[in-house]
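One letter stands for each residue in the lines below.
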Amino acid sequence: MRRRSPTNFPSEQMEKGTGKNQNSKICFLASLSVFFWMLLLYFHFIVLGGSTVEQSVKLQNGPMYSELQPVLVTSPPRVENLNAESEQPPVTYPPPYTEPKPTPVTSDPEMEKLDTESKPTIVPVTRKIGPPSETTQSRGAEKYPFMRALRTVENKSDPCGGRYIYVHDLPPRFNEDMLKECRSLSLWTNMCKFTTNAGLGPPLENVEGVFENTSWYATNQFAVDVIFSNRMKQYECLTNDSSLAAAVFVPFYAGFDIARYLWGGFNISRRDAASLDLVDWLMKRPEWSVMGGKDHFLVAGRITWDFRRLTENEEDWGNKLLFLPAAKNMSMLVVESSPWNANDFGIPYPTYFHPAKDADVLIWQDRMRNLERKWLFSFAGAPRPGNAKSIRGQIIDECKSSKVGKLLECDFGESKCHSPSSIMQMFQSSLFCLQPQGDSYTRRSAFDSMLAGCIPVFFHPGSAYAQYTWHLPRDYTTYSVFIPENDIRKKNISIEERLSQIPPEKVKAMREEVINLIPRLVYADPRSKLETFKDAFDVSVQAIIDKVTRARRDMVEGRTDDNFIEEISWKYALLEEGQREVGPHEWDPFFAKQKDGNGDSGEAAKNSWENEQRQHS
């Protein structure tokens, strides 16, 4: 039997021990490799991934909230009854808009604690961020509180997009209380009957067949305040949420207010009281702070000079409403505006016709087209012997001497001139109606004549062309004739000769244009609504909306009009769309001399009142 050598044992043991050590190394390396990959994956997904997510959140939220403080949206806006007596709650604006529409944010009671507890935590909301090129613009734009109103224009599914009007719920002392005291609205006229029928006055009887049987009223020429306010109550796009509003209406009866105090020895404190009270009330409202009043507008059925007292002298005329710093930001619609100021705009005098439906307009237009007009021209008015600049005396003389001219004198004791039936009957029988300046630039007669389908003849651009730029075509030759006053004063031309030179086909085209203008020159019955026609109210409201919208877009885009000169503001209204610069104009001589002191403006206003007294004597 062969014995195993002792030296072989250690060798065998060493071989066994070496195998065990090799297995341990392999396990150790495998464990180390797994740990390394776990560490690598942890670093990639947790450390780097968390930083990326955090940066992503910051990128999403940063542009949206960098310019605005977080706000609490309590509920979606509601459109409520305009006549609600309760005070409107402060306006709360929603988060900035991005495409597509953001996820709706609903009210949460717990969020009310944000202001008193720890720092507010912004709950992540999925939003789609617009292109990088839009980030800066949107971030700058969102600082304007009217952006929500501007964006309603883009909502094509909303028929009121860009057309919403917010109406201030004024205390009744600014409007309704005046109507309750209607006997005090005029020194010579009982205005109570003229404030009936929503401001239209009593219905006119159609005894002579001059009118239609309905829609005709004995409307006072100074009644626009109440007519316009009542039409606003029927406006289809009223809103109770001022953040949606394209403009803000102030239903202050400014014309009725000043009418109470122009005569009778009232001091300037009394004349100014309501205007100062109104401005103080408005400036405390949150709606005012949106644009400092530049989106506010009001209506006064009087000439602008009644609201432009330049001094604190008791003898000076009117109040200073339109010279108050706050009022200079607002837009005031008056029946005659100032060519040298930028915060008032001319709107038509009310006529006797207030259609309740489209058919009323169409029937009247067809009737005016088919009338036989036996007079070449006519004039209804009185001379102004105390006014050396007036050309009325020459016009009256020419009417009297012409076989094709008709005159209706309106001096003391001549009642026919103040009869709506007599006036309209003469206008309906005339091809052309002469419209020289009245006590001021404008006359109600101009609108009565166009309502009758009579082509107006103006002698001063301030009587229509530079006044009613919202309602009349810029090309005045399409609907009127212009004869400069100096041609009449110097007898350079005969009115009859000038009008006779116009070809019959041109006369027909001009008359058709006048007849087509009728809807936009009259105020529809406030108790009803025209379907397809836009009346004087509609045209005025849209013009205000366009004006405010342009101003807002200029603010957002950083545009300023540093070259604007208020003293020649009449020129800017005549600019074509897109034009901003003005230069020399053919009408410069007519507006060359600005009023100094109260000057001619105050005298014009006083004469207007004297003429009113004459009408009702």
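Only a predicted model underlies this, so the values are computations on that prediction, with no experimental measurement involved. (Residues numbered from 1 in each chain as written. Predicted model: local features only at pLDDT ≥ 70, side-chain atom pairs only at ≥ 80, totals over all residues. Heavy atoms only, no water.)

**Student:** Go over the overall build of the chain, please, and point to the residues and values.
**Tutor:** Assigned secondary structure in the chain consists of 18 helices and ten strands. Buried positions account for 48% of the 617 residues belonging to the chain. If you take every contact in the chain between residues at least 6 apart in sequence, the share linking residues at least 24 apart comes to 74%. On the chain, roughly 32000 Å² of surface is accessible, and the fraction owed to carbon and sulfur atoms is 53%. (Helix = DSSP H or I, 4+ residues; strand = E, 2+ residues; numbered from the N terminus. Buried < 20%, exposed > 50% of the residue type's maximum accessible area, 1.4 Å probe, protein only. Contact = heavy atoms within 4.5 Å. Areas by Shrake-Rupley, 256 points an atom, 1.4 Å probe, with all protein chains shown as cover.)

**Student:** Provide a residue-level description of the sheet that holds strand 7 (residues 405–409), including the pertinent values.
**Tutor:** Spatially, 7-6-8-9-10 is the arrangement adopted by the five strands of the open sheet, whose pairing is parallel. In the strand order of this sheet, the two ends are held by strand 7 and strand 10 (481–482), each with one partner. Of the strand pairs in this sheet, strand 8 (residues 430–435) and strand 9 (residues 455–458) are connected by four bridges, and their pairing is parallel. Within strand 9, the residue paired with Gln435 across the bridge is Phe458. Strand contacts of helix 15 (residues 504–521): strand 8, strand 9 and strand 10, with the helix running at about 100° to strand 9, the strand carrying the most contacts. (Pairing = 2+ DSSP bridges. Axes fitted to C-alpha atoms, helices over the stretch in contact; angles between N-to-C directions.)

**Student:** Could you give an account of the state of the cysteines, with specific residues and numbers?
**Tutor:** Overall, the coordinates contain three disulfides when judged by the stated rule. One disulfide in the model links Cys433 with Cys454; its S-S distance is 2.1 Å. Note on the Cys433 and Cys454 pair: the S-S dihedral is about 115°, so by sign convention the disulfide is right-handed. A residue pair is termed long-range when its members are at least 10 positions apart, and Cys433 in strand 8 and Cys454 in the loop between helix 12 (445–451) and strand 9 qualify at 21 residues. Taken individually, Cys433 and Cys454 each receive the classification buried, so the pair is uniform in this respect. (Disulfide = S-S within 2.5 Å.)

**Student:** Go over the side chain of Ser528, please, and point to the residues and values.
**Tutor:** If you trace the backbone, Ser528 turns up in the loop between helix 15 and helix 16 (536–557). Looking at Ser528, the relative accessible area reads 18%, which means it is buried. At a separation of 3.1 Å, a polar atom in the side chain of Ser528 contacts the main-chain carbonyl oxygen of Ala356. Ser528 has contacts with Pro355 and Ala356, leaving out every residue within four places of it along the chain. (Polar contact = N/O pair within 3.5 Å; in protein donor to acceptor, adjacent residues only side chain to side chain.)

**Student:** I'd like a description of helix 10 (residues 392–401), backed by residues and values.
**Tutor:** Considered for burial, the residues of helix 10 that qualify are Arg392, Ile395, Ile396, Glu398 and Cys399. Taken end-on, helix 10 shows its buried residues confined to a sector of 165°, consistent with a single buried face. Away from the buried face of helix 10 by more than 90 degrees, exposed residues Lys400 and Ser401 are located. Those residues of helix 10 hidden inside the fold are in contact with strand 6 (375–381), strand 7, strand 8 and helix 14 (495–500). (Arc of directions from axis to C-beta.)

**Student:** An account of the sheet that holds strand 1 (residues 165–167) is needed here, citing residue identities and associated values.
**Tutor:** Read from one edge of the open sheet, five strands run 1-2-3-4-5, paired in parallel fashion. Looking at strand neighbours, the two that pair on one side only are strand 1 and strand 5 (344–346), the edges of this open sheet. Between one strand axis and the next, the sheet turns by 35° as a mean value, whatever way the strands run. Pairing of strand 1 with strand 2 (residues 247–249), which is carried by three bridges, proceeds in the parallel orientation. Across the sheet, Val167 pairs through a bridge with Phe249, a residue of strand 2. Running at roughly 145° to strand 3 (residues 296–303), helix 5 (residues 224–232) makes contact with strand 1, strand 2, strand 3 and strand 4 (331–336) of the sheet. Across the face of the sheet, helix 16 comes into contact with strand 1, strand 2, strand 3, strand 4 and strand 5 while running at roughly 140° to strand 4.

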